[in-house]
Amino acid sequence: MINDRKIIFSAIQPSGQLTIGNYFGALKNWKMMQDTEDADCIFAVADLHAITVRQTPAEFRQRILQTYAILLSIGIDPKKSPCFIQSHVKEHSELAWMLNCYTQFGELGRMTQFKEKSQTHADNVNAGLFTYPTLMAADILLYQTDFVPVGADQKQHLELSRTIAERFNGIYGDVFTVPEPYIPKLCARVMSLQDPTKKMSKSDANVNSWVAMLDKPEDIVRKFKRAVTDSDMKVCVGEGKDGINNLISIYSAATGLTAEQIERDFEGKGYGDFKLAVGEAVAESLRPIREKFDDLMKNKDYLESCYKAGAETASRIAFRTVSKVSKKIGFIK
Ligand code: TYM
């Protein structure tokens, strides 16, 4: 890595199936930034984060690999952008511990995701769920990251990462780059198809509320046909039209059309036509990803060579940061 180039880092959890919220809110921008920005990109599958909720080992192993394969399927080029599995780079856990000691209990307690998850997983409110944001800060700060492409739900965690970096730098001098979130204008928060006031989430029990990146085209179309809209019957962006606003954003992200173009194209047409068009456009944009994914999953040796090489490159950078941090803190070498 060349030192004066900007660094872009992001990660995704291998928990459950990835949804079009993950894709349009984050992954699509990872690929876009890799291809267009004059920067070094590093991406990871955040398996350590995923054990804050109980996982079944065999399924978990499979899901980590599938999530990794999806990253390559959307066009992450592992030769250009080191792409690795978080637990393979030990410095993530190491730096996370150190950063825990520079993070306040009250700061972690204010995290919306912690509050939500401790309600949905009330039987397992473990310490990892609480300190999750310091592991995320470690992920980011290890690579001296400038920009972090994420959906809007991660904004609060990013702000805490900045606070931790600034606090550490305030004590020890310039150790960490203070990262900035990159949150897209479009699809920063893809909403549920069944309750468009709620974020689309794979943990939603109603499978019609979310679309998986690997859903079959006919299932994708069917889910969009059932999407909840309103009684206004006009395809246009507007207040109180959460369902249609969401569908317009998704259609826009899938086709590249602007909201104005979409409104013009669907003038005088009903919601049925529009929902069908959105479903077909999404199915079409995911088709090449699904095909590539099926190919990659037949080639596990190739996947292994990619994640091993990714971890090697990442480890070299991570080791440098941890060495610097250890020295600043006063550990003996
Ligand atoms: P995760 O795995 O829940 O989601 C991965 C990415 O997808 C985005 N996303 C969405 N965007 C728009 N609409 C939605 N409905 C939607 N659902 C998910 C998320 O914002 C995220 O960008 N803690 C992180 C993973 C992580 C990470 C990191 C991210 C671990 N370490 C370091 C950035 C930097 C998470 O749980 O994302």
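Computed from a prediction, not measured in an experiment: that's the story for all the values here.

The next thing to look at is the overall build of the protein. Counting secondary structure elements, the protein contains 13 helices and 5 strands. Across its three principal directions, the C-alpha atoms of the protein cover 70 × 45 × 40 Å. Here the protein holds 333 residues, and 50% of them are scored as buried. For the protein, the share of sequence-separated contacts (at least 6 apart) that also reach a separation of at least 24 residues comes to 76%.

Taken as a whole and assessed by the stated rule, the structure comprises 16 salt bridges. Residues Glu-284 and Arg-287 are paired through a salt bridge, measuring 3.2 Å at the closest nitrogen-oxygen approach. Highlighted residues: Glu-284 and Arg-287, both in helix H12 (residues 271–297), separated by 3 residues, approximately one helical turn. With a relative accessible area of 45%, Glu-284 lands in the partly exposed category. Its relative accessible area of 34% is what places Arg-287 among the partly exposed residues. Beyond isolated ion pairs, a larger network of salt bridges with shared partners links Arg-5, Asp-38 and Asp-40.

This part is about the domain arrangement of the protein. When the domains of the protein are assigned, the result is domain 1 (6–187 + 300–329) and domain 2 (207–294). Centre-to-centre, using C-alpha coordinates, domain 1 lies 30 Å away from domain 2. At the interface, 16 residues of domain 1 touch 17 residues of domain 2. Taken over both partners, the interface formed by domain 1 and domain 2 buries close to 1400 Å², and the fraction arising from carbon and sulfur atoms is 77%. Looking at the side of domain 1 facing domain 2, the largest losses of area belong to Ile-20, Phe-24 and Ser-73, adding up to 36% of the total buried there. Counting the contacts that link domain 1 with domain 2 gives 0 salt bridges. Between the two partners, domain 1 and domain 2, sit 4 residue pairs in polar contact (both at pLDDT 80 or more). Where the side of domain 1 that touches domain 2 is concerned, the elements lending two or more residues are helix H1 (20–36) and helix H3 (57–73). Looking at the side of domain 1 that touches domain 2, its residues break down into 11 nonpolar, 4 polar and 1 charged.

Let us now look at helix H8 (residues 155–172). The first and last C-alpha atoms of H8 sit 26 Å apart over 18 residues, in line with the 26 Å expected at 1.5 Å per residue. Note on H8: the residue one or two positions beyond its end, Gly-173, has a positive phi of about 95 degrees.

Residues in close proximity to the ligand total 26 residues, the closest being Gln-13, Tyr-132, Asp-139, Asp-153 and Val-190. A distance of 3.0 Å is found between an oxygen atom of the ligand and a side-chain nitrogen or oxygen belonging to Asn-22. Met-200 has a polar backbone atom sitting 3.1 Å from a nitrogen atom of the ligand. Protein contacts shield 96% of the accessible area of the ligand, which totals 710 Å² for the unbound molecule. Among the elements of the structure, strand E1 (6–12), H1 and helix H7 (127–142) are those that each provide at least two residues to the shell around the ligand. Residue composition of the shell around the ligand, by class: 14 nonpolar, 8 polar and 4 charged.

Basis of the calculations
Residues numbered from 1 in each chain as written. Predicted model: local features only at pLDDT ≥ 70, side-chain atom pairs only at ≥ 80, totals over all residues. Heavy atoms only, no water. Helix = DSSP H or I, 4+ residues; strand = E, 2+ residues; numbered from the N terminus. Buried < 20%, exposed > 50% of the residue type's maximum accessible area, 1.4 Å probe, protein only. Contact = heavy atoms within 4.5 Å. Salt bridge = Lys/Arg side-chain N within 4 Å of Asp/Glu carboxyl O. Domains from an automatic or database assignment. Buried area = accessible area lost by both parts, 1.4 Å probe. Polar contact = N/O pair within 3.5 Å; in protein donor to acceptor, adjacent residues only side chain to side chain. Nonpolar A, V, L, I, M, F, W, Y, C, P; charged D, E, K, R; others polar. Expected span 1.5 Å × (residues − 1). Near = heavy atom within 4 Å. Areas by Shrake-Rupley, 256 points an atom, 1.4 Å probe, with all protein chains shown as cover.

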